[in-house]
Amino acid sequence: MIKAVLFDWSGTLYSDYEEVLFALKRFPFSPQFSRKFFFHPFIKPMRYFFSSLDIRFPTFFEKNYSLEQSESKLVESTAEIMKFLKERGILIGIFSTQSEKLIRRVIENSRINRYIDYIEGGVFNKVPRIKSFIKKHGLAKDEVLYLSDLYEDLKEVKELGVRVCAVLWGYDKKERLKLSNPDSIIARLEELKSLV
């Protein structure tokens, strides 16, 4: 039985591709930053992609990506799903490389903050943080479900022993996500209901 659902933020709960790309184009290292160049490096974790460009998190987002945050960019049915999970007593957490301050601003403006139990932003490696979360809440690994749109996140968290669900509306393509051997794949957030 699932007792906790943990989410990635960018691309999973928040549709921010265009905003991230726009912010990167304004960054001094590459005014010609292209969609092709942006997507190609996602064959490795986002944290390595940005560190290879000598960009530090969450400084980049705080300076270059704060004005575009909007609750209208939340994935469709986010509020409904959060309420659904909370009514069933399921813990809800968010682990992201994105700044915690910016995540909190969006969830407060959209009034879903009352459903979220835990938020950790500026996270480069999610595995130790998720491990700590599981221990703190006395959960078995198979009682936790993690959702992400990135192959590398799914692969690493699955190796921890947690159940993982790939979402198809984010950064990585379905073919790439399948390589992480997820326990489930969903095309719409509403499908999460059938998994818990």
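Residues numbered from 1 in each chain as written. Predicted model: local features only at pLDDT ≥ 70, side-chain atom pairs only at ≥ 80, totals over all residues. Heavy atoms only, no water.

S.K.: Give a description of the overall build of the protein chain that names residues and reports values.
M.R.: When its secondary structure is counted, the protein chain shows nine helices and six strands. The contacts in the protein chain between residues at least 6 apart in sequence include a share of 67% that link residues at least 24 apart. Carbon and sulfur atoms provide 49% of the accessible area of the protein chain, an area that totals close to 9,400 Å². (Helix = DSSP H or I, 4+ residues; strand = E, 2+ residues; numbered from the N terminus. Contact = heavy atoms within 4.5 Å. Areas by Shrake-Rupley, 256 points an atom, 1.4 Å probe, with all protein chains shown as cover.)

S.K.: A description of the pairing of strand S4 (residues 144–148) should follow, citing residues and the corresponding values.
M.R.: The element S4 is largely enclosed, with a buried count of five among its five residues. Burial along S4 is two-sided: Val144, Tyr146 and Ser148 and Leu145 and Leu147, pointing in opposite directions, are all buried. Note that S4 and strand S5 (residues 163–167) share four bridges and pair parallel. Pairing of Ser148 across the sheet is with Ala166, part of S5. (Buried < 20%, exposed > 50% of the residue type's maximum accessible area, 1.4 Å probe, protein only. Pairing = 2+ DSSP bridges.)

S.K.: Outline the pairing of strand S2 (residues 91–95), supporting the account with residue identities and numerical values.
M.R.: Most of S2 is tucked away, with five of its five residues classed as buried. The alternating pattern of S2 places Leu91, Gly93 and Phe95 on one face and Ile92 and Ile94 on the opposite face, and all of these are buried. When S2 meets strand S3 (residues 118–120), the two strands line up parallel, connected through three bridges. Its bridge partner lying in S3, Phe95 is registered against Glu120. In this view, the connection linking S2 to its parallel neighbour S3 by way of helix H6 (residues 100–109) has right-handed handedness. (Right-handed = clockwise from strand over helix to strand, strands pointing away.)

S.K.: Which residues make up unusual backbone geometry, and what are the values?
M.R.: Backbone geometry at Ser77 places phi at a positive 75 degrees, although glycine is not the residue there. Mapped onto the secondary structure, Ser77 falls in the loop between helix H4 (59–64) and helix H5 (78–87). The class of Ser77 is buried, set by a relative accessible area of 16%. Positive phi, close to 55 degrees, is recorded for Asn181, a residue that is not glycine. Relative to the helices and strands, Asn181 resides in the loop between helix H9 (174–178) and strand S6 (184–186).

S.K.: Summarise the packing of aromatic side chains; cite the residues concerned and give the values.
M.R.: In the structure shown here, the tally under the stated rule is four aromatic pairs. Measuring from ring centre to ring centre gives 5.5 Å for Phe95 and Tyr118, while their planes differ by 40 degrees; the resulting arrangement is tilted. With a gap of 23 residues between them, Phe95 in strand S2 and Tyr118 in strand S3 connect regions that are remote in the sequence. You can call Phe95 buried: its relative accessible area is 0%. Judged by centre distance (5.9 Å) and plane angle (90 degrees), the rings of Phe95 and Phe133 are edge-to-face. With Phe95 in strand S2 and Phe133 in helix H7 (residues 126–136), this residue pair connects regions lying 38 residues apart in the sequence. Taken individually, Phe95 and Phe133 each receive the classification buried, so the pair is uniform in this respect. Grouping aromatic residues by their ring pairs yields a cluster made of Phe95, Tyr118 and Phe133. Between the NZ or CZ atom of Arg176 and the centre of the ring of Tyr151, over which it lies, the distance is 3.8 Å. (Phe/Tyr/Trp six-rings, centres within 6.5 Å; stacked < 30°, edge-to-face > 60°. Lys NZ or Arg CZ within 6 Å of the ring centre and 35° of its normal.)

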